[in-house]
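These are the residues of each chain, in order.
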Amino acid sequence: MDSLFLFQFACFIFMLINAFIIALSHLHVRWGNKRYECSRWMIFTAMTGLAIQYLIQMSFGFRAADDSLGAVINILIYTPCISLISISICNIEAIRDNLKNMIMVCSGIYAAIIVVFCLGTSIHHSLYIREGLYLMLGLFCISVFYCIYMIMQEMNRRKNILETMAATDMLPYVRHSHASITILWLAILAMPVAIFSTTLLYIVGPVVLLALLFFNLTFVALGNNYIPTEELLDKEEENQRDCRKSPARQLSEERIKFIRNSLDQWCADSGYKDSTVNMLTLSRNLCISKDELSVFFEQCMKSTFRIWLSDIRFNAAKKMMMEYPDYSNDIISAECGFSARTYLYRIFKSKEGCTPTEWRDEQTANAARNNKEKQD
């Protein structure tokens, strides 16, 4: 066996392992978010497609025969697989209309690649399609650049939605975002090199494979902390259809007082303990429209729902630590509505400059010192 065949075989096994990880995670945890589940199987299909590509290369020896032959097969299979990974990302980021547009554009570009391939083979009567190969590569690059552009746009837009309407830890989302962009940038930068140079393939290939593994593991890990924002995205789409940049409304003093009292009562009833609460669920719970809540937080509180609720939970955590010194940080974070203990740690670090344990020890020491001074 030559080194190229062994390398292709290793890549084939690696892709099967990636597909197995994605599929097996479904048996371990089934997330309630339909978009996330759909994206999981898109990624599984893409990983399986990439594995089939290496199997084809091994079976028919296209790359071994000539780099240009291998490049043609690469482009034919890489394009839909990378597009499918991109669409799986946008599936949990974009409103449905934007997702449909992306699918149509990616499908159109791939159809153009197929047309170029068919014309090239009919003209040259072989897979050596010469200039057609470079046209296929150009269309491939356009497809990936378009996918990256759309993903970045949708991620920025959805992040704005989360920052105003959701109230949970953003770090898992940020990690997934970075992993998504990283894998696609590596693809667009490395694929032309990997496609046309077998020698450089041995260097570039492992980097891309590791990036794919990193992306898949991040995607699976994200599912345990995923913000269920399908409803938020659907509501955002409704808002875009119903009102196009309507002027910001002003709340009356009477309405401001009503909203403030409703929020105070909600906090008194420990509504903040629900780690899954978002602007929509709060709106329904209080029978106050989401738009009114948004205006209230922006104009009256000079804040956002997420920041306001984070402060409420932070103060509740400090109070509980003082009242129940035996409670662990895990119990404190769960009782105060934090999605994870790490989120509680980061808030204490940002607001107090120390960990929850250090803050508690300091408060206990201060209380003991004050009691001693009073006794003296």
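Each chain carries its own residue numbering, running from 1 in the written order of its sequence. The predicted nature of this model means local features are confined to residues of pLDDT at least 70 and side-chain atom pairs, given and counted, to a pLDDT of 80 or more, with totals for whole chains, interfaces and linings taken over all residues. Based on all heavy atoms of the structure, the side-chain values leave hydrogens and waters out of the count.

**Some remarks on the packing of helix H15 (residues 341-352) against helix H16 (residues 356-375)**
Following both chains from N to C, one finds H15 and H16 inclined at 55°, their axes separated by 9 Å at the closest point. Comparing their axes, H16 and H15 come out oblique. Each of Leu344, Tyr345, Phe348 and Glu352 in H15 lies in contact with H16, whose residues at this interface are Pro356, Thr357 and Trp359. Tallied by class, residues from the contact of H15 with H16 come to 5 nonpolar, 1 polar and 1 charged. Simply put, an axis is a line fit to the C-alpha atoms, just over the touching stretch for a helix, and the angle between two N-to-C directions goes from 0 to 180 degrees. Helix and strand labels come from DSSP, where a helix needs a run of H or I of at least four residues and a strand needs a run of E of at least two; each type is numbered from the N terminus. Working definition: roughly parallel below 35 degrees, roughly antiparallel above 145 degrees, roughly perpendicular at 65 to 115 degrees, and oblique for all remaining angles. By the convention used here, residues are in contact when the closest approach between their heavy atoms is within 4.5 Å. Classification convention: Asp, Glu, Lys, Arg as charged; Ala, Val, Leu, Ile, Met, Phe, Trp, Tyr, Cys, Pro as nonpolar; all other residues, Gly among them, as polar.

**Some remarks on a nonpolar patch on the surface**
Only residues whose relative accessible area exceeds 30% and that form no salt bridge enter a patch; like-charged residues are grouped when within 9 Å of one another, and nonpolar side chains (Val, Leu, Ile, Met, Phe, Trp, Tyr) when within 5 Å. Surface exposure here means Shrake-Rupley accessible area, sampled with a 1.4 Å probe, where a residue is shielded only by the protein chains that are shown. The term salt bridge refers to a side-chain nitrogen of Lys or Arg lying within 4 Å of a carboxyl oxygen of Asp or Glu. Together, Phe9, Ile13, Leu16 and Ile17 give the surface a local cluster of nonpolar side chains, amounting to about 330 Å² of exposed area. The residue phenylalanine 9 is located in helix H1 (residues 3-28) in this model. Think of it in three bands: residues with accessible area under 20% of the maximum for their type are buried, residues over 50% are exposed, and the middle band is partly exposed, with areas taken using a 1.4 Å probe on protein chains only. For phenylalanine 9, a relative accessible area of 42% puts it in the partly exposed group.

**With respect to the nonpolar core**
Most often, soluble globular proteins keep nonpolar side chains buried together rather than apart. Only buried residues count toward a nonpolar core. Its members are Ala, Val, Leu, Ile, Met, Phe, Trp, Tyr and Cys residues joined through side-chain atoms within 4.5 Å. Ranked by internal contacts, the top residues of the largest apolar core, which has 79 residues, are Met15, Met47, Ile75, Met102, Met136, Phe140 and Met191. Residue assignment for this core shows that the elements contributing at least two residues are H1, helix H2 (34-60), helix H4 (67-91), helix H5 (96-124), helix H6 (131-165), helix H7 (171-196) and helix H8 (198-223). Contacts of methionine 47, omitting those with residues within four sequence positions, involve Met15, Asn18, Ala19, Ile85, Leu212 and Asn216.

**Digging into unusual backbone geometry**
In the Ramachandran plot, cysteine 287 falls in the positive-phi region, its phi being about 60° despite a non-glycine side chain. When you line up the elements, cysteine 287 lands in the loop between helix H11 (279-286) and helix H12 (290-300). The phi angle at lysine 302 is positive, at roughly 55°, despite the residue not being glycine. Tracing the backbone through its elements, the reader meets lysine 302 in the loop between H12 and helix H13 (305-323).

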